[in-house]
Amino acid sequence: MSDISIARTHADVREERTVTAGTRAWELFAEQPDVIAARIGGELRDLSHELADGDEVEAVEITSPDGLDILRHSTAHVLAQAVQALFPEAKLGIGPPITDGFYYDFDVETPFTPADLDKIETRMRKIIKENQRFSRRVTTDADALTELQHEPYKLELIALKGGGAAEDAAEGASVEVGAGELTIYDNTGRSGDVVWKDLCRGPHLPTTKRIPAFKLMRSAAAYWRGDEKNKQLQRIYGTAWATKEDLEAHLHRLEEAERRDHRKLGRELDLFSFPDELGSGLPVFHPKGGVIKREMEDYVRRRHIEEGFSYVGTPHISKDGLFHTSGHLPYYADTMFPPMEFEGSNYQLKAMNCPMHNLIYASRGRSYRELPLRLFEFGSVYRYEKSGVIHGLTRVRGFAQDDSHSYCTPEQAPAEVEHLLDFMLSVLRDFGLDDFYLELSTRDDSKPGKFVGTEEQWATATKVLEDVARGSGLELVPDPGGAAFYGPKISVQAKDAIGRTWQMGTVQYDFNQPQGFGLEYAAADGSRQQPVMIHSAKFGSIERFLGVLVEHYAGVFPPWLAPVQVQAIPVAERHVDYLYDVAKRLRAAGIRVEVDDSDDRMQKKIRNAQLQKVPFMVIVGDQDVEAGAVSFRYRNGDQDNGVPIEDAVARVVDAVAARTQV
RNA sequence: GCCGCCUUAGCUCAGUCGGUAGAGCGAAUCACUCGUAAUGAUUAGGUCGUCAGUUCGAUUCUGACAGGCGGCUCCA
């Protein structure tokens, strides 16, 4: 046998080695049980891959991102094997790794119950214990079609692959059929017999026993290939980790996330509710939630005025002709509430504010000297969202946008877009949000019917937005096909507690509505020109932003946003009057303070204030009264005793003014 | 909208194999007047989501609807 030269890299250490031909990757990492696959020449391979002369072999550890994907994908195979063992009629969909876990889709007669999941999980543990080997086998399309004739969905994937459209087949389908040769992974038992197999690109763990920790999470329906016209399959979600501790930590994180869910905190902190009587997706704000909402509104109204916007107002309802002029109705009729007919007209609840702002623009002749003309308002809009998508404050049917429209000359547009994006980012900073990225939504050229305007107009608009977005230095994610019918969009995407991303602020470039409304201005040479309009919302929706804020802070708001900024607590009842005086001075300084004069004990009052996450407590007993001072307690339990009243007021006022977290 | 699950006191939940229900917290009242995360006692509070059906009898079984939860699809 001849020798070959290879290079082995593990933990960033590269060493060259000479091995005999026929050596497999696992032999290089026999001493490293954490290594579960190899990257050879840039490609992920099974450890059973036979090395060739000159190969660069890099260890893939189970804890690495690639390693975790492989672990999760292999666990998905074990899931599928268990399901087919227990439900022989189940047909396989796809089973890719996802963030923190994996899923596998099955076509079964009846959906899985939680009890089924328990049974499946037990079976999976058995399969893991059996230490089945994952073994790769190259096949041909023709052979695979015969071998998998009982798996109609797999056949469909193979056929699609033939068309060179594996990625288009379905999100995640590429793990089944890669771009290269078609492969099947056999699970073999101790005696080498094939106990189960699946069409798969791989790679996989060497054996099932290398799955250290997993758990099935839930089952849910999902449309085959993500298309609601297709049949719904039953999807089982699971999670898998490199160690039991990692799994525990993950489950703990999920619990923590649940704790900061704005729907839960909204009730606990008495911020808002969703009365059944109003209907789904229609929130009401309670006094404490109203404080946060008002602070947000006051802030953003003031900022808009500072940034050159005029505060305007428009009604909630309009004759439908307006939305035909704007072009919205043909595109969005099914997401607008149905029309109300009276006095011979159809009235629509508005789903967007721009048409009404256009009417303000058009109310008189405009000169280029007025541009950019900037209008802003809190526009209440109503959208008939499908019942299944309503979610707390983040997806509702009635909400207010902090909506602005800037009318400008095409030459002014780039600077205006840049100004708006900077403005929007500064708003996010002031509210302490930092975990977000930008998305650039563009037109989908394959669906021209969804968009109006010429290709040149779209190209110009898209370039303006893209240049500005890139200039921000933030991560920019493309969103092809996500644009509005009238133009492309930059949006801020923020994550909620459970990891779902929500669109927050937007900047949109629109050359269509000015045309539809016949908007114009007198240029310097006396000619009439058409302005460009830039739509922008800094929060996006007040409701959604508030919901995300609650989760971001887990209800622990910085003092400027806290519904109650100071809780005043007497040690005994005789200290209440003194506290009323202190409260009066705080109120005079614009501070939201409450005196707890209930007959609870002081300890209980502190506990309540703590549970309500009030930033500051002012506690007063005999010693404080004597000293003309207060005991100043922070949310974290720190306390300064004997703080003179003026100092206490100043501390709170300063914290509020600085918008800092405490 | 689709699939599955859920809906009992203000909140969190128990319970009734079909004979109209309980706890803790919260609330109210009383006592206690207390120095850093729950003082004690008493009382009130529920046509068991709504409407039908089956039944001598339904909170319990069935169906429809409403609302919620988890996904999918969608998201100007």
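Here's what I pulled together on the structure shown here. (Residues numbered from 1 in each chain as written. Chains lettered and ligands numbered in written order. Predicted model: local features only at pLDDT ≥ 70, side-chain atom pairs only at ≥ 80, totals over all residues. Heavy atoms only, no water.)

1. Some details on the overall build of chain A
In terms of helices and strands, chain A carries 20 helices and 33 strands. In terms of principal-axis extent, the alpha carbons of chain A reach across some 90 × 75 × 55 Å. Per-residue burial for chain A yields a buried fraction of 50% across its 662 residues. Sequence-distant contacts, at least 24 apart, represent 68% of the contacts inside chain A between residues at least 6 apart. Total accessible area on chain A stands at roughly 30,700 Å², and carbon and sulfur atoms take up 48% of it. (Helix = DSSP H or I, 4+ residues; strand = E, 2+ residues; numbered from the N terminus. Buried < 20%, exposed > 50% of the residue type's maximum accessible area, 1.4 Å probe, protein only. Contact = heavy atoms within 4.5 Å. Areas by Shrake-Rupley, 256 points an atom, 1.4 Å probe, with all protein chains shown as cover.)

2. Focus on the state of the cysteines
Counted under the stated rule, the structure contains zero disulfides. In this model Cys354 remains outside any disulfide bridge; the closest cysteine sulfur is found in Cys408, 15 Å from its own. (Disulfide = S-S within 2.5 Å.)

3. Side note on the protein's contact with RNA strand B
Taken together, 56 residues are adjacent to RNA strand B, and Arg218, Gln232, Thr335, Arg607 and Gln639 come closest. Within 4 Å of the protein, the contacting atoms of RNA strand B are drawn from sugar and phosphate to the extent of 53%. Taking Tyr223, its side chain carries an N or O atom lying 2.7 Å from a base nitrogen of RNA strand B. Contacts to RNA strand B include Arg500, whose side-chain N or O atom sits 2.8 Å from a phosphate oxygen. At the level of secondary structure, the elements contributing two or more residues to the surface near RNA strand B comprise β12 (213-223), β13 (232-241), α8 (262-268), α18 (602-611), α19 (622-627), β32 (629-634) and β33 (639-644). When its residues are assigned to classes, the surface near RNA strand B shows 18 nonpolar, 17 polar and 21 charged. (Near = heavy atom within 4 Å. Polar contact = N/O pair within 3.5 Å; in protein donor to acceptor, adjacent residues only side chain to side chain. Nonpolar A, V, L, I, M, F, W, Y, C, P; charged D, E, K, R; others polar.)

4. What about the sheet that holds strand β17 (residues 317-319)?
Taken in spatial order, the three strands make up an open sheet running β17-β19-β18, and their pairing is antiparallel. The outermost strands of the open sheet, each flanked by one partner alone, are β17 and β18 (340-342). Across the sheet, the mean angle from the axis of one strand to that of its neighbour is 30°, orientation sign disregarded. (Pairing = 2+ DSSP bridges. Axes fitted to C-alpha atoms, helices over the stretch in contact; angles between N-to-C directions.)

5. Considerations on the side chain of Thr139
Within the fold, Thr139 resides in strand β9 (residues 133-139). In this structure Thr139 comes out as buried when scored by relative accessible area, which is 12%. Each residue touching Thr139, except ones within four places of it in the same chain, is listed here: Ala144, Leu182, Thr183 and Ile184.

6. Looking at the packing of aromatic side chains
The full count for this structure, using the stated rule, is 31 aromatic pairs. Arranged with centres 4.7 Å apart and planes meeting at 35°, the rings of Tyr361 and Tyr407 form a pair that is tilted. Here Tyr407 lies in strand β21 (residues 398-408) and Tyr361 lies in helix α12 (residues 354-361), a separation of 46 residues in the sequence. Take Tyr361 and Tyr407: they sit in the same class, and that class is buried. Ring plane angle 70° and centroid distance 5.2 Å describe the contact between Phe632 and Tyr634, whose orientation is recorded as edge-to-face. The class for Tyr634 is partly exposed, based on a relative accessible area of 23%. Aromatic ring contacts, followed pair by pair, group Tyr299, Phe431, Phe539, Phe545 and Trp560 into a single cluster. Residue placement shows Lys293 over the ring face of Phe285; its charged tip is 5.5 Å from the ring centre. Positioned above the aromatic ring of Trp560 is the side chain of Arg659, whose terminal nitrogen or guanidinium carbon lies 5.2 Å from the ring centre. (Phe/Tyr/Trp six-rings, centres within 6.5 Å; stacked < 30°, edge-to-face > 60°. Lys NZ or Arg CZ within 6 Å of the ring centre and 35° of its normal.)

7. A short note on the environment of Arg585
With respect to the helices and strands, Arg585 occurs in helix α17 (residues 576-588). According to the relative accessible area criterion, Arg585 is partly exposed, its value standing at 40%. When the C-alpha positions of Arg585 and Val649 are compared, they lie 7.5 Å apart, and in sequence the two are 64 residues distant. Setting aside residues no more than four positions away along its own chain, Arg585 makes contact with Ile645, Glu646 and Val649. At 3.4 Å, the side chain of Arg585 and the side chain of Glu646 are in polar contact.

8. Notes on the environment of Leu474
Residue position: Leu474 is located in the loop between α14 (455-471) and β23 (476-480). Take Leu474: its relative accessible area is 27%, and that puts it in the partly exposed class. When the C-alpha positions of Leu474 and Glu439 are compared, they lie 9.8 Å apart, and in sequence the two are 35 residues distant. The contacts of Leu474, once residues within four sequence positions are left out, are Leu425, Phe436 and Leu438.

9. Some thoughts on a negative patch on the surface
A surface patch of like charges, here negative, comprises Glu573, Asp597, Asp599 and Asp600. Checked against the element boundaries, Glu573 lands in the loop between β29 (566-570) and α17. Judged by relative accessible area, which is 73%, Glu573 ranks as exposed. (Patch = residues over 30% accessible without salt bridge, like charges linked within 9 Å, V, L, I, M, F, W, Y side chains within 5 Å. Salt bridge = Lys/Arg side-chain N within 4 Å of Asp/Glu carboxyl O. Lys, Arg positive; Asp, Glu negative; His and termini not counted. Charge placed at Lys NZ, Arg CZ, Asp CG, Glu CD.)

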